[in-house]
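Notes for the structure review
Chain by chain, the residues:
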Amino acid sequence: MKRKAVFFDLDDTLYSGFPEGDAEGFVRCGQYAAANCGVSAEAFTARIRQAREDLKVVLPREPEIHDRTLVAQQALEAFGINPIPHAEAMHDLYWSAVFDHMIVRPGAADFLTELRERGVKVGVCTNMLVGIQMRKLCRLGLADKVDFLVTSEEAGRDKPDSPIFELALKKAGCTPAEALMVGDNFTHDIIGAHRVGIDGLWLHVHDEPSVTADFPFLEAADFYQAADLIRSALDN
């Protein structure tokens, strides 16, 4: 069956550098706390990181776990500090660090353009809050190269749960067999897509061992190889 749409994860799929930006972002929050709240930078950095992990336990697979303002609020409250004057500033500092480290994966921008020229719809299907992901796409110069964005905030659940993939299919106007999901997280992107009948292409760019599954999937070591595999999938 002819493929009508390709869905791409955003973070660490269409661009690289998120882990480095994430780490620096929390360091910047710690530096802010030291300068403005009388708290050790190292202690606050550790606490805000822990706050994110705590939220994952309290709100499993809920999009709110990605809200850095909420994470900052909980970390500030843990030190007995009123978060209202500071949490949004920490949110901005964190994301500025992420933006500073983002690099579009070589070949990605041109390939998105190619897909659209071939009449294939390009969707971004990503865990995160919609405002931040829109800002990333604009910053990366990819905003005009995609047909639609689906975030877990809009869908109500994080990948690998099904609602986000079902919403992507609805926006693309296609069936699962007519779509392909591309992402760097095997569980979130490939297993999640498979559960609703969408084939997956794993962008194996992290230092992780190969995986086996009881269903077929594609695997690429970089974006150029991924593009070649997608072209083959479109032609077959």
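Another aspect to go through is the environment of His66. One can find His66 in the loop between α2 (41–58) and α3 (68–78). For the pair His66 and Asp158, spaced 92 residues apart in sequence, the C-alpha separation works out to 10.0 Å. Within the structure, the side chain of His66 is placed 2.8 Å from the side chain of Asp158, a separation counted as a polar contact.

Here we take up the packing of aromatic side chains. For the structure shown, the criterion picks out 11 aromatic pairs. Relative to Tyr94, the ring of Phe26 lies with its centre 4.9 Å away and its plane at 45 degrees, an arrangement referred to as tilted. Separated by 68 residues along the polypeptide, Phe26 in helix α1 (residues 18–36) and Tyr94 in helix α4 (residues 87–101) bring together distant segments of the chain. Side by side, Phe26 and Tyr94 carry an identical accessibility label, which is buried.

Mapped onto the elements of the fold, Lys121 is located in strand β4 (residues 121–126). For Lys121 and Phe148, which are 27 residues apart along the polypeptide, the C-alpha to C-alpha distance reads 8.4 Å. Apart from the residues within four sequence positions on either side, Lys121 is in contact with Lys4, Ala5, Val6, Asp147, Lys171 and Ala172.

Ranked by internal contacts, the top residues of the largest apolar core, which has 53 residues, are Phe8, Leu14, Phe44, Leu115 and Ile230. Ranked by the residues each element gives to this core, the list is headed by α4, at six residues. Leaving out residues up to four positions away in the same chain, Phe8 has contacts with Leu14, Phe111, Leu112, Leu115, Val122, Gly123, Val124, Cys125, Met181, Val182, Phe223 and Ile230.

Scanning the entire structure with this criterion turns up 20 salt bridges. Of the charged contacts, one joins Asp100 and Arg28 as a salt bridge, the two residues approaching to 3.1 Å between their closest N and O atoms. Linking Asp100 in helix α4 with Arg28 in helix α1, this pair joins segments that are 72 residues apart in sequence. Accessibility expressed as a relative area gives 18% for Arg28, which makes it buried. Notably, a salt bridge pairs Arg231 with Glu114, separated by 2.8 Å at the nearest N-O pair. Within this pair, whereas Arg231 is found in helix α10 (residues 223–235), its partner Glu114 is found in helix α5 (residues 108–117), the two being separated by 117 residues in sequence. By relative accessible area, Arg231 is classed as partly exposed at 25%. Judged by relative accessible area, Glu114 falls into the partly exposed class, the value being 22%.

So, on to the pairing of strand β5 (residues 148–151). Both faces of β5 are covered, namely the face carrying Phe148 and Val150 and the face carrying Leu149 and Thr151. Of the pairings in the sheet, the one linking β4 to β5 comprises four bridges and is parallel in character. Its bridge partner lying in β5, Val124 is registered against Leu149. Remark: the β4/helix α6 (residues 130–140)/β5 crossover connection has right-handed handedness.

Definitions and limits used
- Residues numbered from 1 in each chain as written.
- Predicted model: local features only at pLDDT ≥ 70, side-chain atom pairs only at ≥ 80, totals over all residues.
- Heavy atoms only, no water.
- Helix = DSSP H or I, 4+ residues; strand = E, 2+ residues; numbered from the N terminus.
- Polar contact = N/O pair within 3.5 Å; in protein donor to acceptor, adjacent residues only side chain to side chain.
- Phe/Tyr/Trp six-rings, centres within 6.5 Å; stacked < 30°, edge-to-face > 60°.
- Buried < 20%, exposed > 50% of the residue type's maximum accessible area, 1.4 Å probe, protein only.
- Contact = heavy atoms within 4.5 Å.
- Core = buried A, V, L, I, M, F, W, Y, C linked by side-chain atoms within 4.5 Å.
- Salt bridge = Lys/Arg side-chain N within 4 Å of Asp/Glu carboxyl O.
- Pairing = 2+ DSSP bridges.
- Right-handed = clockwise from strand over helix to strand, strands pointing away.

By themselves, these are just geometric observations and shouldn't be taken as functional.
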